[in-house]
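Listed below, chain by chain, are the residues.
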Amino acid sequence: VTTDIQDILYKDCKAIGISEIYENGTVPTGEVTTERIVIIAKSQQPGTYWKKDFVEVNLVVPDVNTDNGQQANLIRLQELERIAQPKLDDVCGTYDGTRYTYSIAQIGIEEDTDLKCHFVNVKILFNVLNVK
């Protein structure tokens, strides 16, 4: 189920080194002032052998104040993108007796002007074995 997928990614994201990790429904509102990871699982799609799910893992970094206003902390964003690549790509495991695998489908940097932050958006294709 999607909550199990979030739990798996929550555990794996701890290795990235950001202590604030949030899942669907627990994300604080308002301007971002500290780094955080936000995990958003979408609905699963049935398949003959594998159930597929796309999951968004966002590595969020608050913007920095400069003489020219708010700007992205590009050095930290680049660092996080490089950390995420090996930790969140081509992962296999077992959870509650069920095999799974996941890999990065897409990765890039995005902006949220309302929250005054930029983030590394990691789109993950998560597959759960549908055969017992």
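My aim in this report is to walk through the structure given alongside it, one point at a time. (Residues numbered from 1 in each chain as written. Predicted model: local features only at pLDDT ≥ 70, side-chain atom pairs only at ≥ 80, totals over all residues. Heavy atoms only, no water.)

**Some thoughts on the overall build of the protein chain**
Next up, step 1: A count of helices and strands for the protein chain gives 2 helices and 8 strands.
Next up, step 2: Starting at the N terminus and ending at the C terminus, the protein chain contains elements arranged as α-β-β-β-β-β-α-β-β-β.
Next up, step 3: Computed over its C-alpha atoms, the radius of gyration of the protein chain comes to 16 Å, within 12% of the 14 Å expected for a compact globule of 132 residues.
Next up, step 4: Dimensions along the principal axes, computed over C-alpha positions, put the protein chain at roughly 60 × 25 × 20 Å.
Next up, step 5: Across the 132 residues that make up the protein chain, the buried fraction comes to 36%.
Next up, step 6: If you take every contact in the protein chain between residues at least 6 apart in sequence, the share linking residues at least 24 apart comes to 54%.
Next up, step 7: Accessible surface, the protein chain as shown: approximately 7500 Å² in total, 47% of it carbon and sulfur. (Helix = DSSP H or I, 4+ residues; strand = E, 2+ residues; numbered from the N terminus. Rg over C-alpha atoms; globule rule 2.2 N^0.38 Å. Buried < 20%, exposed > 50% of the residue type's maximum accessible area, 1.4 Å probe, protein only. Contact = heavy atoms within 4.5 Å. Areas by Shrake-Rupley, 256 points an atom, 1.4 Å probe, with all protein chains shown as cover.)

**Focus on the pairing of strand E8 (residues 117-129)**
Next up, step 1: By the criterion of burial, E8 is predominantly enclosed, with 10 of the 13 residues buried.
Next up, step 2: Where strand E7 (residues 98-112) lies against E8, 12 bridges are found, and the strand directions are antiparallel. In the strand pairing of E8, Gln106 is matched with Lys123.
Next up, step 3: Once E7 ends, the chain turns through 4 residues before running back antiparallel as E8, passing Lys116 with a positive phi of about 55°. (Pairing = 2+ DSSP bridges.)

**Observations concerning the environment of Leu77**
Next up, step 1: One can find Leu77 in helix H2 (residues 74-87).
Next up, step 2: The spacing of Leu77 and Ile39 is 38 residues in sequence and 17 Å in space, taken between C-alpha atoms.
Next up, step 3: What Leu77 contacts, discounting residues up to four positions off in sequence, is Leu59, Val61, Ala72, Ile109, His118, Phe119 and Val120.

**As for the side chain of Glu56**
Next up, step 1: As for its position among the elements, Glu56 is in strand E3 (residues 50-62).
Next up, step 2: Salt bridges are absent for the buried Glu56, whose nearest opposite-charge side chain, Lys123, sits at 4.6 Å.
Next up, step 3: There is a polar contact of 2.6 Å between the side chain of Glu56 and the side chain of Asn121.
Next up, step 4: For Glu56, the residues in contact, after removing those within four places along its chain, are Val38, Ile39, Ile40, Lys42, Asn121, Val122 and Lys123. (Lys, Arg positive; Asp, Glu negative; His and termini not counted. Salt bridge = Lys/Arg side-chain N within 4 Å of Asp/Glu carboxyl O. Polar contact = N/O pair within 3.5 Å; in protein donor to acceptor, adjacent residues only side chain to side chain.)

Function-wise, these values are silent; they only describe arrangement.
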